[in-house]
Amino acid sequence: MASTSTASALVHSPRWQQFYQLTKPRVVQLIVFCAAIGMALAVPGLPSASQALTMLVAVAGIWLVAGAAAAFNCLIEDGIDARMKRTAWRATAKGELSRTQTLAFSALLCSIGMAVLGVYVNLLTMWLTFATFVGYAVIYTVILKPMTPQNIVIGGASGAMPPVLGWAALRGDLGPEPWLLCLIIFLWTPPHFWALALYRAEDYARAGLPMLPVTHGSDYTRLQILLYTWVLFAATLLPFLTGMSGWFYLVCAVALGLGFCGYAFRLWRSYSEMLARRTFWFSIWHLSLLFAALLIDHYLP
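Conventions and cut-offs
- Residues numbered from 1 in each chain as written.
- Predicted model: local features only at pLDDT ≥ 70, side-chain atom pairs only at ≥ 80, totals over all residues.
- Heavy atoms only, no water.
- UniProt positions renumbered as here; feature names shortened; annotations may be inferred.
- 1 Å grid on protein atoms, 1.4 Å probe; cavity = no way out; pocket = protein on both sides within 12 Å on 5 of 7 lines; lining within 4 Å.
- Points joined across faces, edges and corners; volume = space filled by probe spheres on them.
- Helix = DSSP H or I, 4+ residues; strand = E, 2+ residues; numbered from the N terminus.
- Nonpolar A, V, L, I, M, F, W, Y, C, P; charged D, E, K, R; others polar.
- Domains from an automatic or database assignment.
- Contact = heavy atoms within 4.5 Å.
- Buried area = accessible area lost by both parts, 1.4 Å probe.
- Salt bridge = Lys/Arg side-chain N within 4 Å of Asp/Glu carboxyl O.
- Polar contact = N/O pair within 3.5 Å; in protein donor to acceptor, adjacent residues only side chain to side chain.
- Buried < 20%, exposed > 50% of the residue type's maximum accessible area, 1.4 Å probe, protein only.
- Phe/Tyr/Trp six-rings, centres within 6.5 Å; stacked < 30°, edge-to-face > 60°.
- Axes fitted to C-alpha atoms, helices over the stretch in contact; angles between N-to-C directions.
- Parallel < 35°, antiparallel > 145°, perpendicular 65-115°, else oblique.
- Left-handed = near helix turned anticlockwise from the far one by under 90°.

- If you check an unreviewed UniProt entry, the protein chain appears there as Protoheme IX farnesyltransferase from Roseateles saccharophilus.
- Recorded in UniProt under Pathway (unreviewed entry), the annotation for the protein chain is "Porphyrin-containing compound metabolism; heme O biosynthesis; heme O from protoheme: step 1/1."
- Its UniProt record, at the heading Subcellular location (unreviewed entry), says of the protein chain: "Cell membrane".

Here it is in structure tokens:
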């Protein structure tokens, strides 16, 4: 989400920065972070030199394809972005980058990323990453987002894939562990996004998008956020219950989960824009710290 200062800074920004912002760097950073955690968890103990090199290359490839999907999203939604305060600053929304330029940029990033993953990592990771690109850029952006208020729930499956991509990059196969991490992100996405949608409901209504607060109202959305946070809390305990992680992770998961549920409960009981914003930002810290705890726990004796 861009701040007013970011928007002002981009008024006369150089062309390279306009293209860079199309990749939605903050979102991609979290995607790459979760993928890197999946890579680390796939290796017992510290990675070898060759494994560390594979991790770096895989991170680069996944970053490129994720950035390509974000740019394609900006291309498809340039008209919608222009009607929303949150996104009106984007170069595509302002007409400073043409649709042809944006499409070429997205295609270039995706092609390079796919080539890097296919040649230097493995074909499984390449095709899974491409499937994630299609899931977000096409199925979610083109089909689901303008059609159903459950868009973020269904489309969240593609956004939950980074740990699976990371695991596949180091292992070359898919066990149950990465899918467990995928489940956590899948359940995290709706309460995270709906907290944002609550205080941006007017923006989404103006853009004609059927987000849950627009179609079902604030009360229903806040109830859904509360229910999802409790289901998410239960899912975050599964790595410990299945023996994937230890006590350090469990303590962190319980603390973070109760914190998220606490925010959701307060939001359900009494809405305010400030509380919705705090819930949204806490959700980002929740996922980041949860996966960081998994990583630390993995290397503890």
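Once the structure has been displayed, the description carries forward.
### Quick look at the layout of surface pockets
Step number 1: If you add up the space inside the second largest pocket, you get close to 200 Å³.
Step number 2: In this structure, the second largest pocket is lined by Lys85, Leu198, Tyr199, Arg200, Ala201, Glu202, Asp203, Arg206, Glu273 and Arg277.
Step number 3: Of all the elements in the fold, those that place two or more residues in the lining of the second largest pocket are helix H10 (176-199), helix H11 (201-207) and helix H15 (273-299).
Step number 4: Counting residues per element, the lining of the second largest pocket draws most heavily on H11, which supplies 4 residues.
Step number 5: Tallied by class, residues from the lining of the second largest pocket come to 3 nonpolar, no polar and 7 charged.

### Describing the domain arrangement of the protein chain
Step number 1: Taken as a whole, the protein chain is organised into domain 1 (14-174) and domain 2 (175-300).
Step number 2: Each of domain 1 and domain 2 has a C-alpha centre, and the two are 21 Å apart.
Step number 3: The interface is formed by 37 residues belonging to domain 1 together with 36 residues belonging to domain 2.
Step number 4: Taking both sides of the interface into account, the surface hidden between domain 1 and domain 2 amounts to around 3,200 Å²; carbon and sulfur atoms contribute 75%.
Step number 5: The interface formed by domain 1 and domain 2 contains 0 salt bridges.
Step number 6: Inspection of the region where domain 1 meets domain 2 yields 7 residue pairs in polar contact (both at pLDDT 80 or more).

### Comments concerning the pattern of salt bridges
Step number 1: Throughout the structure, instances matching the rule amount to 7 salt bridges.
Step number 2: A salt bridge links arginine 222 to aspartate 219; the nearest nitrogen and oxygen atoms lie 2.8 Å apart. Taken as a pair, arginine 222 and aspartate 219 lie in helix H12 (residues 212-236) at a separation of 3 residues, close to a single helical turn.
Step number 3: A salt bridge links arginine 277 to glutamate 273; its shortest N-O distance comes to 3.1 Å. Of the two residues, arginine 277 and glutamate 273 are both situated in helix H15; the distance of 4 residues between them amounts to about one turn of the helix.
Step number 4: On the basis of relative accessibility, which here comes to 25%, the residue arginine 277 falls in the partly exposed class.
Step number 5: The exposure class of glutamate 273 is partly exposed, given its relative accessible area of 41%.

### Quick word on the side chain of threonine 132
Step number 1: The residue threonine 132 is located in helix H7 (residues 123-144) in this model.
Step number 2: With near-sequence residues (within four places) excluded, threonine 132 lies in contact with Ser158, Met161 and Leu165.

### Structural notes on the packing of aromatic side chains
Step number 1: Using the criterion set out here, one finds 13 aromatic pairs in the structure.
Step number 2: Note on phenylalanine 72 and phenylalanine 133: the rings are 6.3 Å apart at their centroids and 55° apart in plane angle, and the pair reads as tilted. With a gap of 61 residues between them, phenylalanine 72 in helix H4 (residues 49-76) and phenylalanine 133 in helix H7 connect regions that are remote in the sequence.
Step number 3: Residue phenylalanine 72 is classed as buried on the basis of its relative accessible area, which comes to 16%.
Step number 4: Given a relative accessible area of 11%, phenylalanine 133 falls into the buried group.
Step number 5: One aromatic cluster in this structure is built from Phe72, Trp127, Phe130 and Phe133.

### A short note on the packing of helix H6 (residues 99-120) against H7
Step number 1: In contact at an axis separation of 7 Å, H6 and H7 are set at 155° when each is read in the N-to-C sense. Taken together, the axis directions place H6 and H7 in an arrangement best described as roughly antiparallel. Residues Ser106, Cys110, Met114, Leu117 and Gly118 of H6 touch H7, and the partners they reach there are Leu123, Thr125, Met126, Trp127, Thr129, Phe130 and Phe133.
Step number 2: Split into classes, the residues belonging to the contact of H6 with H7 amount to 8 nonpolar, 4 polar and no charged.

### Quick notes on the packing of H10 against H15
Step number 1: Here H10 crosses H15 at 160°, and the two axes come no closer than 7 Å. One finds that H10 runs roughly antiparallel with respect to H15. Every pair of crossing elements has a handedness; the one defined by H10 and H15 is left-handed. Contact residues: H10 offers Leu181, Ile184, Ile185, Trp188, His192, Ala195, Leu196, Leu198 and Tyr199, while H15 offers Glu273, Ala276, Arg277, Thr279, Phe280, Ser283, Ile284, His286, Leu287, Leu290, Phe291 and Leu294.
Step number 2: Looking at the contact of H10 with H15, its residues break down into 15 nonpolar, 4 polar and 2 charged.

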